[in-house]
Every structure is written in structure tokens, then in C-alpha cells.
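Chain residues, written in single-letter form:
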Amino acid sequence: MPLSNTDKMLLAIELAKEAELSDEVPIGAVLIHEEKIIGRGYNLREKTGKTTAHAEIQALEDYNQRNHEWRLPVGTSLFVTAEPCLMCTGALVWARLDYLFYGALDPKSASLRTFLPSIEQGLFDHRFKKVEGGILGDVCGSLLSNYFKKKRP
């Protein structure tokens, strides 16, 4: 039986919790194709010292390295615990992601929702087939706010 979108987001939440255990911002991401996880990642910026080591990029890299392919299979979904930033949104467009589901909104709106109108207007040669935010948004948002409360008391 296929997993629900809530169940898929719970997989990303588990990865976010792994990130937090490593003292990273708790964001996790899973790529799913035909009900199988084909890529997973969580924030690794502190550990790697890389600006680009966001959860979404790590999930793409996981897929890329195992499959030696930059393009995602048609019908691939990403479940990520926070709204993708501008960099990650661009990478997801270039990778040809079809379905994007995220948990917590970016309160600064410097990310997906800002960039989405340009994507939908055809500025690029790929468009997401579906974008949906707020899946377990309270849980995902709490992970982030609790993490930053500990960091900035």
C-alpha cells in the first residue's frame, strides 16, 4: 500500500532529527519515485563547511552518485521539512523534479514562493507539476524554532 504524503514527510522529519543530533539546522529531505526512496539528505553545512550542503542538495547528490544521472526520473517527488531556498529551488528545477512537498514555510519568503511565479510563467524549460506546502508544517516548524531557541537563548 502506498505511503501517504504525511508518512513521506515523517521520513524527512526523521532525517531532520539526524541533522539536529549533528548540531545542524534540522532540515531533512527525501526523493521518492514509484514509492521508493531514491535519495535522502539533511543539512550538513557545519560538518562539511560547504554553503551548498542543504538537505535538498544532499538528497539530489545522493541520487546522482548512486545513479550517475543528473536528471531525476519522471514522476519523482521531494518531501522536505522546510520550504526550499532560492538555491535549492533552482537545483530542483534543473534536476527536473515533478512534485515538491514541504513542511514549514520560510517566514522571510526569500525562497520557493518568491521564485515560483517565474517558474510557472515558463521562464525555465521545466515546471513543477505540483507544489504543496504546510505538510506537517507545525511539526517541521517546531523543529526549527526549538533548534534556534537553543542556539540563541
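Residues numbered from 1 in each chain as written. Predicted model: local features only at pLDDT ≥ 70, side-chain atom pairs only at ≥ 80, totals over all residues. Heavy atoms only, no water.

Caption draft 1: Molecular detail of the nonpolar core. Within the largest apolar cluster, 46 residues are counted, with the highest numbers of intra-cluster contacts made by Leu 31, Leu 72, Leu 78, Leu 97, Leu 100 and Phe 128. The element that contributes the greatest number of residues to this core is helix α1 (residues 5-21), accounting for six residues. Non-local contacts of Leu 31, meaning those with residues more than four positions away in its chain, are made with Lys 36, Ile 37, Ile 38, Gly 39, Ala 59, Leu 60, Tyr 63, Leu 72, Thr 76, Ser 77, Leu 78 and Leu 97. (Core = buried A, V, L, I, M, F, W, Y, C linked by side-chain atoms within 4.5 Å. Buried < 20%, exposed > 50% of the residue type's maximum accessible area, 1.4 Å probe, protein only. Helix = DSSP H or I, 4+ residues; strand = E, 2+ residues; numbered from the N terminus. Contact = heavy atoms within 4.5 Å.)

Caption draft 2: How the structure looks around the sheet that holds strand β5 (residues 130-132). With mixed pairing, the five strands of this open sheet are ordered in space as β2-β1-β3-β4-β5. Both edges of this open sheet fall to β2 (36-42) and β5, since each of them pairs with a single strand only. With direction set aside, neighbouring strand axes in the sheet form an average angle of 15°. Pairing analysis gives six bridges linking strand β1 (residues 28-33) to β2, with the strands arranged antiparallel. The partner of Ile 32 across the bridge, within β2, is Ile 37. Strands in contact with helix α6 (residues 137-151) are β3 (77-82) and β4 (99-104); relative to β4, the strand with the most contacts, it is inclined by about 60°. (Pairing = 2+ DSSP bridges. Axes fitted to C-alpha atoms, helices over the stretch in contact; angles between N-to-C directions.)

Caption draft 3: Highlighting the pattern of salt bridges. Throughout the structure, instances matching the rule amount to nine salt bridges. Of the charged contacts in the structure, one is a salt bridge between Asp 125 and Arg 96, with a shortest N-O distance of 3.3 Å. One end of the pair, Asp 125, is in the loop between α5 (112-120) and β5; the other, Arg 96, is in the loop between α4 (86-94) and β4, and 29 residues separate them in sequence. Under the relative-accessibility criterion, Arg 96 is labelled buried at 19%. One salt bridge in this structure joins Asp 98 and Lys 129, with 3.9 Å as the shortest N-O distance. Highlighted residues: Asp 98 in the loop between α4 and β4 and Lys 129 in the loop between α5 and β5, separated in sequence by 31 residues. Exposure remark for Asp 98: the relative accessible area of 4% places this residue in the buried category. Note on Lys 129: relative accessible area 52%, which makes it exposed. (Salt bridge = Lys/Arg side-chain N within 4 Å of Asp/Glu carboxyl O.)

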